[in-house]
Amino acid sequence: MTDSLIRALVEAIHSTPTQAVLYFSGGASQVLGWLAAVPGASNTVLEVIVPYSRMSMIQLLGKVPVQFTSKETAEDMALVAYNRALKLSKPGSPVVGVGFTGSLATTRPKLGDHRFYLSTRTSNRLWASSVTLSKGLRNRDQEERVSSQVLLKAIAEACKELEQLIQGKICFKIFPFSNGTQTSNGDRKVILSGSFNPLHDGHLKLLEVAMSLCSGGYPCFELSAINADKPPLTVSQIKDRVKQFEKAGKTVIISNQPYFYKKAELFPGSAFVIGADTAARLINPKYYGGSYENMIETLVGCKRTGCTFLVGGRNMDGVFKVLEDFKIPDELKDMFISIPVDRFRMDISSTEIRKGLELK
């Protein structure tokens, strides 16, 4: 890579909200200089440790590694770095732990290969790689540059979680902006799904009411980067919408699943908060290849995950509809719970709010 390309890559890393802890030994020493030389490093780099000595590595990992230069050691370093990053990072910030261990050219000939191993760990992904260099082809400085470039690319890739999500490499990403903590009811979530363009008081009130109808759980919003009827959201669009939740202090999940039967697999046992219009689509065979049997089979599968649907009233084509206005198949009735109109009603839609904003 040229110096200009390295700088562009570092600028891209610093432009993300991801914060990193880096532990590397035996190579890739130029990475720190590259990261620090570009403005924004203090927002990205939380800590860097170079456990070069045997005792330093043992103390870092809390154990004696089977082999100091190995894939397993790099992964162990990344895990320790990730856990450290969680402690040092700003609340709600995505983090990455980076581990690197290498055996490169020295002042004396090596019997073994010139090689290095690196690993990155995020909340949704563990990645590892190994590289064996051609012996005698490069001097130490050149091997340092190669290993540093590979490590820099790995850090940049780990920072691009939203791109990975859109591409289907990971299933979801949680931004835990909520000020409160999860209740004692395990991992159960109360999830309000939507496009949130924009997030408005109706969304906030609906989830608040839904929480009052549930016996515990963790409240969160969910935005799908993939839409069944529209093009995928861009990274820029996702970031803009995530900022709304950060400002409101509310947790949001970004997923790549537009269908509720897939959301149910991702978040089993959850209560999904939906509008009457969404409920109508859920029980419409049109969305299951025109087959009533497929619709029943799919939703019974959702039911087996322990998921339920809390349904709020919605204005549909000028008529306010509630759950009771639809015929729910007997096999599914206990999976749908109506949110009383006297507890929540909002007739204005996100589309109308957007139009109002455009007119200002």
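Preceding this paragraph is the structure being described.
One structure accompanies this document, and this report is about it. (Residues numbered from 1 in each chain as written. Predicted model: local features only at pLDDT ≥ 70, side-chain atom pairs only at ≥ 80, totals over all residues. Heavy atoms only, no water.)

## What about the sheet that holds strand β14 (residues 336-338)?
Right, on to step 1. Sheet architecture is open: 7 strands sit in the order β6-β9-β8-β7-β10-β11-β14, paired in mixed fashion. Looking at which strands have only one partner, the edges of the open sheet turn out to be β6 (172-175) and β14. Pairs of neighbouring strands in the sheet enclose a mean axial angle of 30°, with direction left out of account.
Right, on to step 2. As defined by bridge partners, strand β7 (residues 189-193) adjoins strand β10 (residues 271-275) across 3 bridges and the pair is classed as parallel. The residue of β10 that forms the bridge with valine 190 is alanine 271. (Pairing = 2+ DSSP bridges. Helix = DSSP H or I, 4+ residues; strand = E, 2+ residues; numbered from the N terminus. Axes fitted to C-alpha atoms, helices over the stretch in contact; angles between N-to-C directions.)

## Some thoughts on the sheet that holds strand β1 (residues 19-25)
Right, on to step 1. Read across the sheet, 5 strands follow the order β2-β1-β3-β4-β5 without closing on themselves; strand pairing throughout is mixed. The sheet is open, and its two borders are formed by β2 (45-49) and β5 (126-133), each paired with just one other strand. Neighbour-to-neighbour, the strand axes of this sheet turn through a mean angle of 10°, independent of strand direction.
Right, on to step 2. Pairing analysis gives 4 bridges linking β1 to β2, with the strands arranged parallel. Paired with alanine 20 across the bridge in β2 is valine 45.
Right, on to step 3. Each of β1, β2, β3 (95-103), β4 (114-121) and β5 touches helix α5 (residues 71-88); the most contacted strand, β3, lies at about 150° to it.
Right, on to step 4. Contacting β1, β3, β4 and β5, helix α6 (residues 140-159) crosses the sheet at an angle of about 15° to β4. (Contact = heavy atoms within 4.5 Å.)

## Some points on the pattern of salt bridges
Right, on to step 1. Applying the stated rule across the entire model yields 13 salt bridges.
Right, on to step 2. A salt bridge links arginine 84 to glutamate 47, with the nearest nitrogen and oxygen atoms 3.0 Å apart. Here arginine 84, found in helix α5, pairs with glutamate 47, found in strand β2; they are 37 residues apart in sequence, far enough to count as distant.
Right, on to step 3. We classify glutamate 47 as buried; its relative accessible area is 17%.
Right, on to step 4. As a salt-bridge pair, lysine 63 and aspartate 76 come within 2.9 Å of each other at their nearest N and O atoms. Remark: aspartate 76 occurs in helix α5 and lysine 63 occurs in the loop between α4 (54-61) and α5; sequence separation between them is 13 residues. (Salt bridge = Lys/Arg side-chain N within 4 Å of Asp/Glu carboxyl O. Buried < 20%, exposed > 50% of the residue type's maximum accessible area, 1.4 Å probe, protein only.)

## Thoughts on the packing of helix α1 (residues 3-14) against α6
Right, on to step 1. Direction vectors running N to C along α1 and α6 enclose 30°, while the axes themselves pass 9 Å from each other. Between α1 and α6, the angle falls in the class roughly parallel. The two elements α1 and α6 cross, and the hand of that crossing is left-handed. Seen from α1, the contacting residues are Asp3, Ile6, Leu9, Val10 and Ile13; seen from α6, they are Arg145, Gln149, Leu152, Lys153, Ile155, Ala156 and Cys159.
Right, on to step 2. Its residues assigned to classes, the contact of α1 with α6 shows 8 nonpolar, 1 polar and 3 charged. (Parallel < 35°, antiparallel > 145°, perpendicular 65-115°, else oblique. Left-handed = near helix turned anticlockwise from the far one by under 90°. Nonpolar A, V, L, I, M, F, W, Y, C, P; charged D, E, K, R; others polar.)

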